[in-house]
Amino acid sequence: MPRRPPKKWFYHCVARVKQEAPEVTDPEALCAWIWYHHAKPATRRKILAEENNPEPTMEFHCVECDNYFWTRDLPSMCPFCGSKEIDELTGKREKIINLMKRAIKDPETPEHLKHALTKKLEEVEG
Ligand SMILES: [Zn+2]
């Protein structure tokens, strides 16, 4: 079974088609076609590699199961136990600060996590 087009690439493609070719009635279908029939295999591999193997840049700690794990984006839950109590952040300072600021602004971030992050940010930034 062919794998689905990578999300980021697909959304970007759809957005571009809508903007640049509003006469296209089904931009999703067009982008799927581009991915399966038009993109060169080397290009596809490169895009997939970038989206599937992001450089791990952040270390998180789960309070519930005491596991550490790496991820590029702020995780919504612990991959080991599913807990949302991830309150320790260590690793690359600047990236973490930016990430925390982004997460605090994000309306999707649960309130208790926002609160924990705001406190942590004050600590980290001094
Ligand atoms: Zn856990």
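Residues numbered from 1 in each chain as written. Predicted model: local features only at pLDDT ≥ 70, side-chain atom pairs only at ≥ 80, totals over all residues.

**Let's talk about the overall build of the protein chain**
Looking only at helices and strands, the protein chain features five helices and three strands. When its helices and strands are written in sequence order, the protein chain yields α-α-α-β-β-β-α-α. Within the protein chain, contacts between residues separated by at least 24 positions form 36% of all contacts whose residues are at least 6 apart in sequence. (Helix = DSSP H or I, 4+ residues; strand = E, 2+ residues; numbered from the N terminus. Contact = placed C-beta atoms within 7 Å.)

**Notes on the packing of helix 1 (residues 7–20) against helix 2 (residues 27–38)**
Between helix 1 and helix 2, whose axes approach to 9 Å, the crossing angle comes to 125 degrees. The angle between helix 1 and helix 2 falls in the class oblique. When the axes of helix 1 and helix 2 are compared, the crossing they make is right-handed. Counting all contacts with helix 1, which are made through Phe 10, Cys 13, Val 14, Val 17 and Lys 18, the residues of helix 2 involved are Pro 27, Glu 28, Leu 30, Cys 31 and Ile 34. Here the contact of helix 1 with helix 2 is composed, by residue class, of eight nonpolar, no polar and two charged. (Axes fitted to C-alpha atoms, helices over the stretch in contact; angles between N-to-C directions. Parallel < 35°, antiparallel > 145°, perpendicular 65-115°, else oblique. Left-handed = near helix turned anticlockwise from the far one by under 90°. Nonpolar A, V, L, I, M, F, W, Y, C, P; charged D, E, K, R; others polar.)

**Some words on the environment of Glu 51**
Residue placement: Glu 51 occurs in helix 3 (residues 41–52). For Glu 51, a count of 14 C-beta atoms within 10 Å gives the class partly exposed. Residues Glu 51 and Trp 9, 42 residues apart in the sequence, show an inter-C-alpha distance of 8.5 Å. Excluding residues that lie within four positions of it along the chain, Glu 51 makes contacts with Pro 6, Lys 8 and Trp 9. (Buried ≥ 20, exposed ≤ 12 C-beta atoms within 10 Å, placed from the backbone.)

**Side note on the environment of Leu 121**
Note that Leu 121 resides in helix 5 (residues 111–125). Considering only alpha carbons, one finds Leu 121 and Asn 98, 23 residues apart in sequence, at a separation of 9.8 Å. Those residues in contact with Leu 121 that sit more than four places away from it in its chain are Ile 97 and Met 100.

**Topic: helix 3**
Look at helix 3: 16 Å from first C-alpha to last across twelve residues, which is about the 16 Å you get at 1.5 Å a residue. Burial within helix 3 is sparse, with just zero of its twelve residues counted as buried. (Expected span 1.5 Å × (residues − 1).)

**Section: the confidence of the model for the protein chain**
Per-residue pLDDT for the protein chain has a mean of 79; in total, 83% of the residues score no lower than 70. Of all secondary-structure elements in the protein chain, the lowest mean pLDDT belongs to strand 3 (residues 88–91), at 55, while helix 1 reaches the highest, 88. (pLDDT = per-residue confidence, 0-100.)

**Here's the deal with the environment of Ile 104**
Assignment of secondary structure puts Ile 104 in helix 4 (residues 93–105). Spatially, the C-alpha atoms of Ile 104 and His 115 are 8.1 Å apart, while their sequence positions differ by eleven residues. Beyond its immediate stretch of four places on either side in the chain, Ile 104 contacts Thr 109, Lys 114, Leu 117 and Thr 118.

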